[in-house]
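Spelled out, the chains give:
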Amino acid sequence: MEKQNFSAEDCRFMRRAMELADRGKGFVNPNPLVGAVVVKEGRIIGEGWHEFYGGLHAERNAFKNCTEDTRGAALYVTLEPCCHYGKTPPCTDIVIEKGIARVVVGLTDPNPLVAGKGIEKLRNAGIEVVVGIEQELLREQNRIFLKYITTKQPWVALKTAMTLDGKIATAEGDSKWVTAEAARLRVHQMRSEYRGILVGAGTVRADDPLLNCRLEDKHRQPVRIVVCTKADIALDSQLVRTAREYPLIVAYTAAEEEVLEELRKAGVRTLLCARKEGKVALKDMLNKLGGLGIDSVLLEGGGELNYTFLQENLVDEVFAFIAPKLIGGREAKTPVEGKGFGRMSDAVVLQDLQAEKIGMDFLIRGKVKK
């Protein structure tokens, strides 16, 4: 859509709306992150964001917080206002009702229920609507939603923590801890933002992880997902023992009914997936997870599972935490194992790279070039 009539002030107010939208991370999935600011005569008179799934949308929260009459004001919103009934009434209705004169929209909503119809409804009501400000930043902010709403597949982020010589554990299998406390805290922040955390059966056997979010502030716990062909995950593992406290899904393809029944009795959800080369077909699993409303997955698996995800072109983003340590060892595990790619030209390439120092460690992240 057209890009016009944007000023430095427009950019400033949209950036503020983006800051507000960020506050919904980890609480609104699979809905988008949305922030809204109401401006009158150059002053912010109300602001809000989508705070939690099922709650009021950003526009309605912003109007609820307004300190004065909104007639003739401008509304800045990071995503096109909805025009359909969902868990809440259409936001376009309240925008019209409040007498807003101008609406500045960052991104159009690709949701087929909206997809430009919200903008059209506002314009038909005589409201000036301009679209397209800060689009690249907003696409980055809502990359998870934009993929999920158009494909119904979750965004997959591969996270690994390794030493400077590329090891995720010593040759004896010790992996506590590769990185220092500050980097581990960042991982828990990431866990709070992704709807699911995914590992393979080998990681469960080796580490007996809990895979929950251990932040002091109250956060929605992610769904823990284990790829386990025969569903033979130990009943006394931390994951199974806490299945009634923290959601747990076991994705399998060929399991005994007695094994499945024991897991279900413990509160585990079992997910039957198609088979590929004798194992769980990962793409089919992701399709089924998307159908359950899981819009994003943080892959914390071992080298074999990581390689399969990469080899099947199922990873969208990589987060590599690197510790300033050297441990060596021919048998020491690495982040990506499997058969490997035979030619350098076949390697998975990352783009849009970012590097950040976190305590004594480094984080390198990038999108997978498709």
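As the structure is a prediction and not an experimental result, all values here were calculated from the model.

## So, the overall build of the protein
Counting its secondary structure elements, the protein contains 12 helices and 16 strands. Computed over the C-alpha atoms, the radius of gyration of the protein is 23 Å, within 12% of the 21 Å expected from 2.2 N^0.38 for a compact globule of 370 residues. Here the C-alpha coordinates of the protein stretch approximately 70 × 45 × 40 Å along the principal axes. Counting over 370 residues, the protein shows a buried share of 52%. Summarising the internal contacts of the protein: among those between residues at least 6 apart in sequence, 71% fall at separations of at least 24. As displayed, the protein has an accessible area near 17700 Å², and 50% of this comes from carbon and sulfur atoms.

## What about the UniProt feature "binding site: Zn(2+)" (unreviewed entry) in the protein?
If you check UniProt for "binding site: Zn(2+)" (unreviewed entry), the listed places come out as His57, Cys82 and Cys91 in our numbering. Taking the farthest pair of C-alpha atoms as the criterion, the annotated set spanning 35 residues converges on one region, since that pair is 9.1 Å apart. Classification of cysteine 82 as buried rests on a relative accessible area of 7%. If we skip the residues at most four places from it in the chain, cysteine 82 touches His57, Glu59, Pro89, Pro90, Cys91, Thr92 and Val114.

## Some thoughts on unusual backbone geometry
Across the junction of asparagine 29 and proline 30, the peptide omega takes the value 5°, indicating a cis bond. With respect to the helices, strands and loops of the structure, proline 30 is situated in the loop between α1 (8–22) and β1 (35–40). Cis geometry is adopted by the peptide bond preceding tryptophan 177, which originates at lysine 176 and carries an omega value of -5°. Of note in the backbone geometry, glutamate 41 takes a positive phi value of approximately 50° without being a glycine. By the element assignment, glutamate 41 lies in the loop between β1 and β2 (43–49). Even without glycine at this site, alanine 231 takes up a positive phi of about 60°. The exposure class assigned to alanine 231 is buried, which follows from its relative accessible area of 1%.

## Some words on the domain arrangement of the protein
Here the protein is partitioned into domain 1 (8–145) and domain 2 (152–368). Once you take the C-alpha centre of each, domain 1 and domain 2 turn out to be 34 Å apart. Between domain 1 and domain 2, the contact holds 10 residues from the first and 15 residues from the second. Along the contact surface separating domain 1 from domain 2 lie three salt bridges. A salt bridge links arginine 365 to glutamate 140, with the nearest nitrogen and oxygen atoms 3.7 Å apart. Looking at the side of domain 1 that touches domain 2 residue by residue, the classes come out as five nonpolar, two polar and three charged.

## Notes on the packing of aromatic side chains
Centre distance and the angle of the planes are the two values used to describe a pair of aromatic rings. Inspection of the entire model under this criterion finds two aromatic pairs. Ring geometry for phenylalanine 13 against tyrosine 76: centres 5.2 Å apart, planes inclined by 50°, an arrangement best described as tilted. Of this pair, phenylalanine 13 sits in helix α1 while tyrosine 76 sits in strand β3 (residues 74–79), and the two are 63 residues apart along the sequence. We note that phenylalanine 13, like tyrosine 76, is buried. Note that lysine 176 overlies the ring of tryptophan 177, its terminal NZ or CZ placed 5.5 Å from the centroid.

## Some remarks on the pairing of strand β4 (residues 102–107)
Most of β4 is tucked away, with six of its six residues classed as buried. Two elements, β3 and β4, share five bridges in a ladder whose sense is parallel. Residue pairing in the sheet places leucine 75 in a bridge with valine 103 of β4. Two strands pair when backbone bridges link them, and β4 and strand β5 (residues 128–131) are joined in this way by four bridges, in the parallel orientation. Among the inter-strand pairings, valine 103 is bridged to a residue of β5, identified as valine 129.

## A word on the sheet that holds strand β14 (residues 317–323)
The mixed open sheet is built from nine strands, whose spatial order is β10-β9-β8-β7-β13-β6-β14-β16-β15. Here the strands that pair on one side only, and so sit at the sheet edges, are β10 (269–272) and β15 (350–358). Here the average twist between neighbouring strands, direction ignored, is 20°. Docked against the sheet, helix α12 (residues 303–311) engages β6 (155–163), β7 (196–200), β8 (223–227) and β13 (296–299), running at close to 115° with respect to β7.

## Notes on the nonpolar core
By size, the foremost hydrophobic cluster in this structure holds 40 residues, and its most contacted members are Val38 and Val103. In contact with valine 103, not counting residues within four places along its chain, are Leu75, Val77, Val95, Leu122, Ile127, Glu128, Val129 and Val130. Counting 25 residues, the second-largest nonpolar core is a separate cluster that includes Val227, Val280, Leu299 and Val315.

## As for the pattern of salt bridges
Two side chains of opposite charge can pair, provided their charged atoms sit close to one another. Tallied over the entire structure, the rule returns 28 salt bridges. In this structure, glutamate 41 engages arginine 43 in a salt bridge whose closest nitrogen and oxygen atoms are separated by 3.4 Å. Residue classification places arginine 43 among the partly exposed positions, given a relative accessible area of 36%. Glutamate 257 serves as the salt-bridge partner of arginine 264, at 2.9 Å between the closest nitrogen and oxygen. In this structure arginine 264 comes out as partly exposed when scored by relative accessible area, which is 33%. A single network of salt bridges, built from pairs that share partners, joins Glu140, Arg143, Glu317, Arg365 and Lys367.

Quick notes on the rules
Numbering of residues begins from 1 in every chain and follows the order in which that chain's sequence is written. Two thresholds apply to this predicted model, a pLDDT of at least 70 for residue-level local features and 80 or more for giving and counting side-chain atom pairs, whereas whole-chain, interface and lining totals are computed over all residues. Side-chain numbers here rest on the full set of heavy atoms in the structure, without hydrogens or water. Here a helix means four or more residues in a row that DSSP labels H or I, a strand means two or more in a row labelled E, and each is numbered from the N terminus. The atom set for the radius of gyration is the C-alpha atoms, and the globule formula is 2.2 Å times the number of residues raised to the power 0.38. Exposed residues in this analysis have more than 50% of their type's maximum accessible area, buried residues have under 20%, and partly exposed residues fall in between, with area computed by a 1.4 Å probe over protein chains only. The contact rule is simple, with two residues in contact once any of their heavy atoms fall within 4.5 Å. Residue burial considers only the protein chains on display, and all accessible areas are found by Shrake-Rupley using a 1.4 Å probe. UniProt positions are given in the numbering used here, feature names are shortened, and annotations may be inferred rather than shown by experiment. As annotated, the domain borders come from an automatic or database domain assignment. Any carboxyl oxygen of Asp or Glu within 4 Å of a side-chain nitrogen of Lys or Arg constitutes a salt bridge here. In this classification, the charged set is Asp, Glu, Lys and Arg, the nonpolar set is Ala, Val, Leu, Ile, Met, Phe, Trp, Tyr, Cys and Pro, and all remaining amino acids, among them Gly, are polar. Under the pairing criterion, centres of Phe, Tyr and Trp rings, with the six-membered ring standing for Trp, must be within 6.5 Å; the plane angle then separates stacked pairs below 30 degrees from edge-to-face pairs above 60, leaving the rest tilted. Charge over a ring is defined by NZ of Lys or CZ of Arg lying within 6 Å of the ring centre and within 35 degrees of the ring normal. In this analysis, strands are considered paired if DSSP registers two or more bridges between them. What counts as an axis is a line fitted to C-alpha atoms, over the stretch in contact for a helix, and the angles between N-to-C directions run from 0 to 180 degrees. To qualify as a nonpolar core, a set must consist of buried Ala, Val, Leu, Ile, Met, Phe, Trp, Tyr and Cys residues joined through side-chain atoms within 4.5 Å.

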